[in-house]
Amino acid sequence: MRTFGQRAGRQHHAGPLTYILLGLAALVSLFPLYWNLVAASHTGERVVEAPAPLLPGPRLFDNLTFAWNQVDMGEALVNTTVVAGLVALSTVLFSTLAGFAFAKLPFRGRNVLLALVVATMTIPPQLSVIPLYRIITDLGWVDQLQSVVLPSLVAAFGVFFMRQYLLEALPVELVEAARMDGAHSLRIIWHVVFPVARPAMAVLGMLVFVQAWNDFFWPFIALTPDGSPTLQVALAGLGSGNHTINQAVVLTGALISTVPLLLVFAVLGKHIVGGITSGAVKN
Amino acid sequence: MATSVRAATGDGTAPPDPSPPPPPSPPAPSRWRGRLYRWDLKATPYAFVSPFFLCFAAFGLFPLIYTGWLSLHRVELGGEAQWRGLDNYTALWGSDFFWNALANTFTIGVISTVPQLLMALGLAHLLNYKLRGRGFFRVAVLAPYATSIAAATLVFAQLFNSDYGLINTVLGWVGFDPVDWESSKWPAQIAISVIVIWRWTGYNALIYLAAMQAVPQDLYEAASLDGASRFRQFISVTIPSIRPTILFTIVVSTIGATQLFGEPMLYGGSLGVSGGSGNQFQTLSLLMYEKGWITGALGQASAIAWVMLLILLLIGAARLLVARLNKESA
């Protein structure tokens, strides 16, 4: 008992039961995604027939063509990429600037302002959509992509994330040495902060991209399925039956909206996992 | 501040101003540079944090106050506002739809959050073992997080379909009668909660996992010297050590549960906005959307939004209280 206890730490080797349970968890996590693919490869009639299909069918390509041409998932894909790309770029840029200021620059009111940033995270979008909708209606911005990009240009989460990272990763001496050399703040940002912050910027960029890609509530209000929707809005239009409800086509739409992000996750999953864990724990 | 930094680090070794044309008239440019330098040092931090606060002022704070103002008026989409005082709030108080939506938001919130966080804890514990295929398991349980609300809900709506859905088929194999996952209240709420649980359990598990790996090794060694079993160690070492992280995830998922919208909306198909045929899964957000965009009563919708803010403030206050109690007991 003692000797066993001595070696016992947090990193035990996993027993068979652990593998079984983890296998189940992985199965439950992945099965709906697999079934999405299955459903997208059958006819609409087959999908709504019991028992549900469990193996891929022959119709994937037809469904993709139909979703692409008839429902304009192609346009939605482009719109979503543009929106998520712009939001990710600007959030990363502004969050890095603000995170650097909060982490390394002394200024009056810093702690109060930082607390304010954190506090804003609890305000749900429901509190702003009604006035924003009135405003974009007045401006004629309904169905214009800028109405979903502008409110998301920077996020409290991003500011906090970059601040936490730079607090530890950026030595104050580096900033001071640059100042000694007569560098002004923009030069310091470019030559000192950005190089140090690059890994965190990449992770934040991916997290924000995923979030913007999947954002639903405000885009659903500001854009319409028949105008210039993002993928989520187009999907909502499919799901609520604005078009003929062919469930195979609906789920093909779901597949088109999911696969790009899953590919990103398959390639960069390790970094995203690291980013999620490092951002939240130091809270 | 500026001068003190210079004096502290710059004495002797490095010349403070290595500007190329030095001798002819050094005082004028250096004073100018010095002023610029000090101004740069003073103003830059504010310039760097200003994009966030400008964005928040324009798209967060101003609309929030405007919503409060609207909630005291009678407003229709595109129409003028008429002062109504607290009428919208008293109307909510007397509305069955409001209490129903509040109750649904609460019950779906509990059904989706409690099992989600408990399972995430267990999952994190399993992922913390020395594993072969560690990377695969981590990315696999995170895959649902990459799936959008819309895509996940549309897939699950098919899986939960009462007539042909796979879940009833499997229940049939085990010997259960088919469940009506759409029009019965509790099954529908459970189905919606399952979507939430599916999307967020892996994400929370990874957050717990990172916290667990930061727990000092000697705590476990001490516990096992005392003869504590592994389960005992999990309860009395792991859980207390990651308590701040647990609190954090509770707050985040409670905020998420309060504003639940997309899942019930799309799960209900053409009946989504009203939360099913008998409003059995209409949440506060859905009711707000229905009032604002279907009925066109923006004043009432704004009042619902402010009630949500109030609820979140209460949760925030409770969180502070718990944090303070934690500090005192520690």
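Calculation rules
Residues numbered from 1 in each chain as written. Chains lettered and ligands numbered in written order. Predicted model: local features only at pLDDT ≥ 70, side-chain atom pairs only at ≥ 80, totals over all residues. UniProt positions renumbered as here; feature names shortened; annotations may be inferred. Helix = DSSP H or I, 4+ residues; strand = E, 2+ residues; numbered from the N terminus. Buried ≥ 20, exposed ≤ 12 C-beta atoms within 10 Å, placed from the backbone. Contact = placed C-beta atoms within 7 Å. Core = buried A, V, L, I, M, F, W, Y, C linked by C-beta atoms within 7 Å. pLDDT = per-residue confidence, 0-100. Axes fitted to C-alpha atoms, helices over the stretch in contact; angles between N-to-C directions. Parallel < 35°, antiparallel > 145°, perpendicular 65-115°, else oblique. Nonpolar A, V, L, I, M, F, W, Y, C, P; charged D, E, K, R; others polar.

In the annotation of an unreviewed UniProt entry, chain B is listed under the name Sugar ABC transporter permease and assigned to Streptomyces ficellus. The record held by UniProt for chain B lists under Subcellular location (unreviewed entry) the comment "Cell membrane". Under the UniProt heading Sequence similarities (unreviewed entry), the note attached to chain B is "Belongs to the binding-protein-dependent transport system permease family."

Looking at an unreviewed UniProt entry, one finds chain A named Carbohydrate ABC transporter permease and attributed to Streptomyces ficellus. The Subcellular location (unreviewed entry) comment attached to chain A in UniProt states, word for word, "Cell membrane". Per UniProt, chain A carries the Sequence similarities (unreviewed entry) text "Belongs to the binding-protein-dependent transport system permease family."

Caption draft 1: Representation of the UniProt feature "transmembrane region" (unreviewed entry) in chain B within the structure. Residues and elements named next belong to chain B. UniProt records the feature "transmembrane region" (unreviewed entry) at residues 43-66, 97-124, 136-160, 190-211, 242-261 and 303-322, using the numbering of this structure. Secondary structure content for residues 97-124 is 100% helix and 0% strand, and the end C-alpha separation is 39 Å. For the annotated span residues 136-160, helix accounts for 88% and strand for 0% of the residues, and the straight-line distance between the end C-alpha atoms is 28 Å.

Caption draft 2: How the structure looks around the UniProt feature "transmembrane region" (unreviewed entry) in chain A. Residues and elements named next belong to chain A. Taking the numbering used here, the UniProt-annotated feature "transmembrane region" (unreviewed entry) corresponds to residues 16-35, 76-100, 112-136, 148-167, 188-210 and 248-268. Annotation note: span residues 76-100, helix share 100%, strand share 0%, distance between end C-alpha atoms 35 Å. Helix makes up 68% of residues 112-136 and strand makes up 0%, while its end C-alpha atoms are separated by 32 Å.

Caption draft 3: Quick peek at the environment of Ser257 of chain A. Locating Ser257 of chain A in the fold gives a position in helix α14 (residues 247-281). On the neighbour-count criterion, Ser257 of chain A (25 C-beta atoms within 10 Å) is buried. Once the C-alpha coordinates of Ser257 of chain A and Ala236 of chain A are considered, the two residues, 21 residues apart in sequence, prove to be 12 Å apart. Beyond its immediate sequence surroundings of up to four residues, Ser257 of chain A is in contact with Leu231, Gln232 and Leu235 of chain A together with Ser148, Ala150 and Ala151 of chain B.

Caption draft 4: Layout of the UniProt feature "domain: ABC transmembrane type-1" (unreviewed entry) in chain B. In this numbering, the UniProt entry assigns the feature "domain: ABC transmembrane type-1" (unreviewed entry) to residues 102-319 of chain B. Taken end to end, residues 102-319 of chain B is 76% helix and 0% strand, and its first and last C-alpha atoms sit 21 Å apart.

Caption draft 5: Just the nonpolar core, in detail. Residue and element names in this part refer to chain B. Of all hydrophobic cores here, the largest spans 160 residues; its most connected members are Leu154, Tyr208 and Ile304. Ranked by the residues each element gives to this core, the list is headed by helix α8 (residues 185-213), at 18 residues. Each residue touching Tyr208, except ones within four places of it in the same chain, is listed here: Ala120, Leu121, Ala124, Ile242 and Thr245.

Caption draft 6: Layout of the confidence of the model for chain B. Residue and element names in this part refer to chain B. With 91% of its residues at a pLDDT of at least 70, chain B reaches an overall mean of 87. Per-element mean pLDDT across chain B ranges from 36 in helix α1 (residues 2-10) up to 96 in helix α4 (residues 96-127). Note that pLDDT drops below 50 for residues 1-27; the model gives that stretch 18 contacts with residues more than four away or on any other chain. The ipTM assigned to the predicted complex is 0.89, against a pTM of 0.88.

Caption draft 7: Focus on unusual backbone geometry. In this chain, Ala50 of chain A is followed by Pro51 of chain A through a cis amide linkage whose omega measures -10 degrees. Tracing the chain through its elements places Pro51 of chain A in the loop between α3 (44-47) and α4 (60-70). A positive phi is found at Asp143 of chain A, a non-glycine position, where the angle reads about 70 degrees. Within the fold, Asp143 of chain A resides in the loop between α7 (129-139) and α8 (146-149). A residue is classified by how many C-beta atoms lie within 10 Å of it, and Asp143 of chain A, with 15 of them, is partly exposed. For Asn279 of chain B, which is not glycine, the phi torsion reads 55 degrees and is therefore positive. Within the secondary structure layout, Asn279 of chain B lies in the loop between α12 (262-267) and α13 (284-295).

Caption draft 8: Summary view of the packing of helix α2 (residues 16-39) of chain A against helix α6 (residues 149-159) of chain B. Contact geometry for α2 of chain A and α6 of chain B: axes closest at 10 Å, N-to-C directions at 80 degrees. Relative to α6 of chain B, the element α2 of chain A lies roughly perpendicular. On α6 of chain B, the residues touching Pro32, Trp35, Asn36 and Ala39 of chain A of α2 of chain A are Ala152, Val155, Phe156, Gln158 and Leu159 of chain B.

Caption draft 9: Local environment of the environment of Phe66 of chain A. On the secondary structure map, Phe66 of chain A appears in helix α4. Each C-alpha atom, one on Phe66 of chain A and one on Thr120 of chain A, is 43 Å from the other, the two residues being 54 residues apart in sequence.

Caption draft 10: Molecular detail of the interface of chain A and chain B. Listed by partner, the interface residues are 85 residues for chain A and 97 residues for chain B. Sorting the residues of the side of chain A that touches chain B by element identifies α2, α5 (73-104), α6 (110-120), α7, α10 (172-180), α11 (185-214), α13 (231-239) and α14 of chain A as the ones contributing at least two each. In terms of residue count, α14 of chain A provides more of the side of chain A that touches chain B than any other element does, 16 residues in total. Considering only residue class, the side of chain A that touches chain B consists of 53 nonpolar, 27 polar and five charged.

Caption draft 11: Here's a closer look at the packing of α4 of chain B against α13 of chain B. Residue and element names in this part refer to chain B. Where α4 contacts α13, the two axes come as close as 8 Å, and the packing angle between them is 145 degrees. Of the residues in α13, those in contact with Phe97, Phe98, Ala101, Leu102 and Thr105 of α4 are Leu284, Leu286 and Leu287. Of the residues belonging to the contact of α4 with α13, the class tally is seven nonpolar, one polar and no charged.

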